[in-house]
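# Understanding the architecture of this molecule
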Amino acid sequence: MSSTASKQNRPAIQEEPVLLTKVVTDRESRCTTDIQELDRVLGGGIVSGSVILIGGDPGIGKSTLSLQIGCALSRKRHKVLYVSGEESVKQTRMRAERLFNSETSFNAAHLDSLYIVNQIDLTVILEYMNKMKPEFVVIDSIQVLYSQEISSTPGSVSQVRECSGILTQTAKSMGISLFIIGHVTKDGTLAGPRVLEHIVDTVLYFEGERYSTYRILRATKNRFGSTNEIGVFEMTQAGLQEVLNPSEIFLSERPKNAAGSVVVPIMEGTRPFLVEIQGLVSRSSFGMVRQKAQGFDANRLALLIAVLEKRLGLNLQDKDVFLNVVGGVKVMDPAADLSVVMAIASGLLDKPVSFDTVVLGEVGLSSEVRSVSQLAARINEADKLGFKRCVMPKNNLKTRLELKGKQIDLIPVETVKEALDALCRN
Ligand code: TYD
Ligand code: MG
């Protein structure tokens, strides 16, 4: 290639290289809501000018949460516009009174900068935003909004896309932080499907079993923070209350000395909590072996069962194996491997793992127990909840452990066999 040709192909250089240390950044400014569970999921509060989508099934508590956010922000003297497309302003006022338990305490809360309107016409909403210049806007919900520019009905994909696009642009240009509430369709995707997820900065999903009062807020996308964090709430008479210690709930109904039940301290983001893993082994009928997992990866389960069979000689070939993570939690943490293996072994041998023991460790194909991350945080959580023993990877002891309480006995193991001996001794 001639030198002139290569010069023509070269992209025009926009800027001279600079030292990374000399690059000036503007730190994003964040506003905390003082709803700690929410602030943590957002990565330390709401980034000003960001657009946050809150998705979830109908009736899960999206309107309740967003009204609580509105109240919290108003109490901090921020100007908030709450656009309620589904409920009248009177209904919303009644809901707010419930949140404060009574009309008197609602009045005493000094919500002097929380404005509410029942409106579904996008053009009018944009006018309000221009006129009022609020710092925060809540749209509840995006599915009822419509833009006159588009002929299709509210809730259709093109309406949802158009309305959220324009709202996002307006909010960004005015420096407004925007909350968009969206219903989730039966198959779990946001109605007006994935289009919304690309437009916004942060996607929060509100999850929970319909008949349970606990709700989990999970970030599935966050341009300003990690997506590992979760927030736990309980739906009460007075709205959503924060659950600052989720371990207690997930263990609250644990059976005493039942075979197949094992507790493991898992990490969700920076936060440890304890979950119960249950294993059930039964003889399979019709020569069809079933291996089913709820809240745990099915392939990983198959692999761990193979380790038990091949390396420990346990007879699982003609058995059905069921695994369940209690409380509707989904466990991705590899540190839960050993507890899964122990739950199955304990179920098979019909020997309970003692009630005050937690089990930790990643399991390799040679049945070796591998080290886990953030051991101290996990053990401290178990200690806090009164557990007395922790079966853990020996390799973790190579580094110094900073334990807060010293109540808990550590039982280091190198292999699954050692763990099984330690647990099923008694
Ligand atoms: P809602 O926030 O309206 O759900 P979404 O906006 O996601 O459709 O709340 C749903 C349920 O929560 C509703 O059935 C009533 C219940 N609820 C309470 O139990 N306590 C409360 O204080 C409030 C406001 C609602
Ligand atoms: Mg609602």
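Residues numbered from 1 in each chain as written. Chains lettered and ligands numbered in written order. Predicted model: local features only at pLDDT ≥ 70, side-chain atom pairs only at ≥ 80, totals over all residues. Heavy atoms only, no water.

Let's shift gears to the overall build of the protein chain. Scanning the protein chain for helices and strands turns up 13 helices and 20 strands. Projected onto the principal axes, the alpha-carbon positions of the protein chain cover approximately 80 × 75 × 50 Å. The burial tally for the protein chain puts 49% of its 426 residues in the buried class. Contacts in the protein chain between residues far apart in sequence, at least 24 positions, make up 68% of those at least 6 positions apart. Of the roughly 21400 Å² of accessible surface on the protein chain, 51% is carried by carbon and sulfur atoms. Mean positive and mean negative side-chain charge positions of the protein chain (50 and 48 charges, respectively) differ by 3 Å. (Helix = DSSP H or I, 4+ residues; strand = E, 2+ residues; numbered from the N terminus. Buried < 20%, exposed > 50% of the residue type's maximum accessible area, 1.4 Å probe, protein only. Contact = heavy atoms within 4.5 Å. Areas by Shrake-Rupley, 256 points an atom, 1.4 Å probe, with all protein chains shown as cover. Lys, Arg positive; Asp, Glu negative; His and termini not counted. Charge placed at Lys NZ, Arg CZ, Asp CG, Glu CD.)

For ligand 1, the set of nearby residues contains 15 residues, the closest of which are Gly59, Ser63, Thr64, Thr236 and Gly239. One nitrogen or oxygen atom from the main chain of Gly59 is found 2.7 Å from an oxygen atom belonging to ligand 1. Between Arg98 and ligand 1, the recorded distance is 3.2 Å, taken from a side-chain N or O atom to a nitrogen atom. If ligand 1 stood free it would expose 550 Å²; the protein chains cover 75% of that surface. At the level of elements, α3 (62-75), α4 (89-99) and β10 (230-236) are the ones that each hand at least two residues to the shell around ligand 1. (Near = heavy atom within 4 Å. Polar contact = N/O pair within 3.5 Å; in protein donor to acceptor, adjacent residues only side chain to side chain.)

This next bit is on the packing of aromatic side chains. Across all of its chains, the model carries two aromatic pairs by this definition. Ring geometry for Phe206 against Phe233: centres 6.1 Å apart, planes inclined by 75°, an arrangement best described as edge-to-face. With a gap of 27 residues between them, Phe206 in strand β8 (residues 202-207) and Phe233 in strand β10 connect regions that are remote in the sequence. The class for Phe206 is buried, based on a relative accessible area of 3%. Overall, Phe233 belongs to the buried group, its relative accessible area being 1%. Taking NZ or CZ as reference, Arg254 lies 4.2 Å from the ring centre of Phe355, over its face. Cation over ring: Lys256 sits above Phe355, and NZ or CZ is 4.8 Å from the ring centre. (Phe/Tyr/Trp six-rings, centres within 6.5 Å; stacked < 30°, edge-to-face > 60°. Lys NZ or Arg CZ within 6 Å of the ring centre and 35° of its normal.)

On to the sheet that holds β8, then. Read across the open sheet, the nine strands follow the order β5-β4-β6-β7-β3-β8-β9-β10-β11; overall the sheet is mixed. Each having just a single partner strand, β5 (114-117) and β11 (239-242) make up the two edges of the open sheet. On average, each strand axis in the sheet is tilted by 25° relative to the strand beside it, whichever way the strands run. Where strand β4 (residues 80-84) meets β5, four bridges bridge the pair, whose relative direction is parallel. The partner of Tyr82 across the bridge, within β5, is Ile116. Across the sheet, α3 is in contact with β3 (51-56), β4, β5, β6 (136-140), β7 (177-183), β8, β9 (214-222), β10 and β11; its angle to β4 comes to roughly 160°. (Pairing = 2+ DSSP bridges. Axes fitted to C-alpha atoms, helices over the stretch in contact; angles between N-to-C directions.)

Here we take up the side chain of Ser247. Position of Ser247 among the secondary structure elements: in helix α9 (residues 246-250). With relative accessibility at 0%, the residue Ser247 sits in the buried group. Among the polar contacts made by the side chain of Ser247, one reaches the main-chain amide nitrogen of Leu274 at a distance of 3.0 Å.

Of note, Arg93 is situated in helix α4. If sequence neighbours within four positions are ignored, Arg93 has contacts with Glu103, Phe106 and Asn107.

So, on to the packing of helix α11 (residues 337-349) against helix α13 (residues 416-423). The description of two helices packed together rests on the angle between their axes and the distance between the axes. α13 packs onto α11 with a crossing angle of 55° between their chain directions and a minimal axis gap of 11 Å. By the angle class used here, α11 and α13 are oblique. When you trace α11 past α13, the crossing you get is right-handed. Mapping the contact onto sequence places Leu338, Val341, Met342, Ala345 and Leu349 in α11 and Val416, Ala419, Leu420 and Leu423 in α13. Among the residues making up the contact of α11 with α13, the classes are represented as nine nonpolar, no polar and no charged. (Parallel < 35°, antiparallel > 145°, perpendicular 65-115°, else oblique. Left-handed = near helix turned anticlockwise from the far one by under 90°. Nonpolar A, V, L, I, M, F, W, Y, C, P; charged D, E, K, R; others polar.)

Let's shift gears to unusual backbone geometry. Cis peptide bonds are those with omega within 30 degrees of zero, and the linkage from Asp140 to Ser141 qualifies with 0°. For Ser141, the location among the structural elements is in the loop between β6 and α7 (157-174). The backbone phi angle of Lys133 is positive, close to 45°, even though this residue is not glycine. Position of Lys133 among the secondary structure elements: in the loop between α6 (122-132) and β6.

A few words on the domain arrangement of the protein chain. One frequently used descriptor of interface size is the decrease in accessible area upon assembly of the parts. For the protein chain, the assigned domains are domain 1 (27-244) and domain 2 (248-425). Each of domain 1 and domain 2 has a C-alpha centre, and these two points are 38 Å apart. Facing the 11 residues of domain 1 at the interface are seven residues of domain 2. Taking both partners together, domain 1 and domain 2 bury about 840 Å²; carbon and sulfur atoms supply 53% of that area. The interface formed by domain 1 and domain 2 holds one salt bridge in total. A salt bridge links Glu268 to Arg218, with the nearest nitrogen and oxygen atoms 3.9 Å apart. (Domains from an automatic or database assignment. Buried area = accessible area lost by both parts, 1.4 Å probe. Salt bridge = Lys/Arg side-chain N within 4 Å of Asp/Glu carboxyl O.)

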